[in-house]
Amino acid sequence: MSSSLLFLDSSTSTASHLLPFSRITTPFNGAVSLRRSVGPLNVRPFVLSPLRTLSVNSSNNPSPVINDKSGGEASAKIIDGKMVAKQIRDEITAEVLKMKEAIGIVPGLAVILVGDRKDSATYVRNKKKACESVGINSFEVRLPEDSTEQEVIKFISEFNNDPSVHGILVQLPLPSHMDEQNVLNAVDIEKDVDGFHPLNIGRLAMRGRDPLFVPCTPKGCIELLHRYDVEIKGKRAVVIGRSNIVGMPAALLLQREDATVSIVHSRTKNPEEIIKHADIIISAVGQPNMVRGSWLKPGAVVIDVGINPVEDANSPRGYKLVGDVCYEEACKVASAVTPVPGGVGPMTIAMLLSNTLSSAKRTHNFQ
């Protein structure tokens, strides 16, 4: 594949916002009805250890067994994001119940959805389901496409001042007439569970400072490496893509883990030559099968954030989802790789829930 191949410096919206609530319908007369959901508490006991690098209980749980991919010449082991995300949700469920029984507080997550994009509505529905599954209260406001920026900020302000809400998420993308940065900056940094506030990103970039929250998708990538006991310290890592949502924070997190980090982006010359030296690769560019097996160093660990639809005549839907990395080729070279789907996506949701729980515990000084 030519080194001049064009790729995008952005995370896919599917990967970066697959996160979950109680529906609020907004009649077009401007009235908004709000309903809170309290999910069931299915508890599995666990011991919560001190957080390791901004993650929930990653050090006390044994790493899940990595299953070999069977068939053909494939030798890479599969990093099962679905399984790890379920383990994390079980941990969060137990912590939510513990907090409720001890101090009577239930974490709350609010989402604001503007417009009627089907994909955004799906992501919001997934967020709601995820909240219910771990016992987190969920709040949702739905506004029409032609709402003003000030109307959105008004609801953000109300959630900022609501003590029962510990996390606020504005579903992206917003309609084109709105200034995304103005809206996101209106979210109280103490409730910025998406981790997009400039102060959170700034703290992430500075040595000796800790952000209150880390963006969910890159946090999930690092958590997968931790849960599978992948050594990061001293390793060469390459992040493909430099978006604010995934690429840049992923690179900053790897630096915090003492990796030597390179970023490959749309202006990088001969990207495959840089990628070939990487022990760890995190790809988030939204280009199907861009990274070929020949680009990989034997034994590399591949975290594929991309979720890209490609035509597939054999699929009932007429398409299938693939990552940025050619999975079949990567399996013959890498030591471990995330599948698409079933890799990073479920972890993004789990990290949103983790951030919401952390916010509630910090607010109420609960350990």
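Residues numbered from 1 in each chain as written. Predicted model: local features only at pLDDT ≥ 70, side-chain atom pairs only at ≥ 80, totals over all residues. Heavy atoms only, no water.

A. Summary view of empty space enclosed by the protein. Within this model, the largest cavity holds a volume of roughly 60 Å³. In terms of lining residues, the largest cavity is bounded by I168, L169, V170, L184, V187, D192, D194, F196 and H197. Residue contributions to the lining of the largest cavity peak at three residues, all from strand β5 (residues 167–170). By residue class, the composition of the lining of the largest cavity is six nonpolar, one polar and two charged. (1 Å grid on protein atoms, 1.4 Å probe; cavity = no way out; pocket = protein on both sides within 12 Å on 5 of 7 lines; lining within 4 Å. Points joined across faces, edges and corners; volume = space filled by probe spheres on them. Helix = DSSP H or I, 4+ residues; strand = E, 2+ residues; numbered from the N terminus. Nonpolar A, V, L, I, M, F, W, Y, C, P; charged D, E, K, R; others polar.)

B. Spotlight on helix α3 (residues 118–134). With 17 residues, α3 should cover 24 Å at 1.5 Å per step; its first-to-last C-alpha distance of 25 Å lies within 8% of that length. Among all positions of α3, only S120, A121, Y123, V124, K127, A130, C131 and V134 are buried. The positive-phi residue at the C-terminal boundary of α3 is G135, with phi of around 90°. (Expected span 1.5 Å × (residues − 1). Buried < 20%, exposed > 50% of the residue type's maximum accessible area, 1.4 Å probe, protein only.)

C. Spatial organisation of the sheet that holds strand β4 (residues 137–143). If you walk across this open sheet you meet the three strands as β4-β3-β5, and the pairing is parallel. In this open sheet, the two edge strands, each paired with only one partner strand, are β4 and β5. Each neighbouring strand pair of the sheet contributes to a mean axis angle of 15°, computed without reference to strand direction. Strand direction decides the pairing type here: strand β3 (residues 108–114) and β4, joined by seven bridges, are parallel. Residue pairing for β4: L113 is matched across the bridge by R142. (Pairing = 2+ DSSP bridges. Axes fitted to C-alpha atoms, helices over the stretch in contact; angles between N-to-C directions.)

D. Main features of the packing of aromatic side chains. Evaluation of the coordinates by the stated rule reveals one aromatic pair. Plain terms: the ring middles of F139 and F159 are 6.4 Å apart, the flat faces sit at 55° to each other, and that makes the pair tilted. Taken as a pair, F139 in strand β4 and F159 in helix α4 (residues 149–160) lie far apart in primary sequence, 20 residues in all. For the pair shown, F139 and F159 are each scored as buried. Sitting above the plane of the F155 ring, K154 keeps its charged end 4.8 Å from the centroid. Over the aromatic face of F213 sits the side chain of R362, whose NZ or CZ is 4.9 Å from the ring centroid. (Phe/Tyr/Trp six-rings, centres within 6.5 Å; stacked < 30°, edge-to-face > 60°. Lys NZ or Arg CZ within 6 Å of the ring centre and 35° of its normal.)

E. Region of interest: the confidence of the model for the protein. Per-residue pLDDT for the protein averages 85, and the proportion of residues at 70 or more is 80%. The low-confidence segment residues 9–62, where pLDDT is below 50, has 188 contacts with residues more than four positions distant or belonging to other chains. Predicted confidence is poor over residues 64–72, with pLDDT under 50, and the contacts of this stretch with residues over four places away or in other chains come to 19 contacts. (pLDDT = per-residue confidence, 0-100. Contact = heavy atoms within 4.5 Å.)

F. Broad picture of the nonpolar core. Residues L225, L254 and I282 are the most contacted members of the largest nonpolar core, which totals 53 residues. In terms of residues, this core owes the most to one element, helix α11 (residues 344–363), which gives eight residues. Apart from residues lying up to four places away in sequence, L225 is in contact with V230, I232, L254, I280, V301 and I303. (Core = buried A, V, L, I, M, F, W, Y, C linked by side-chain atoms within 4.5 Å.)

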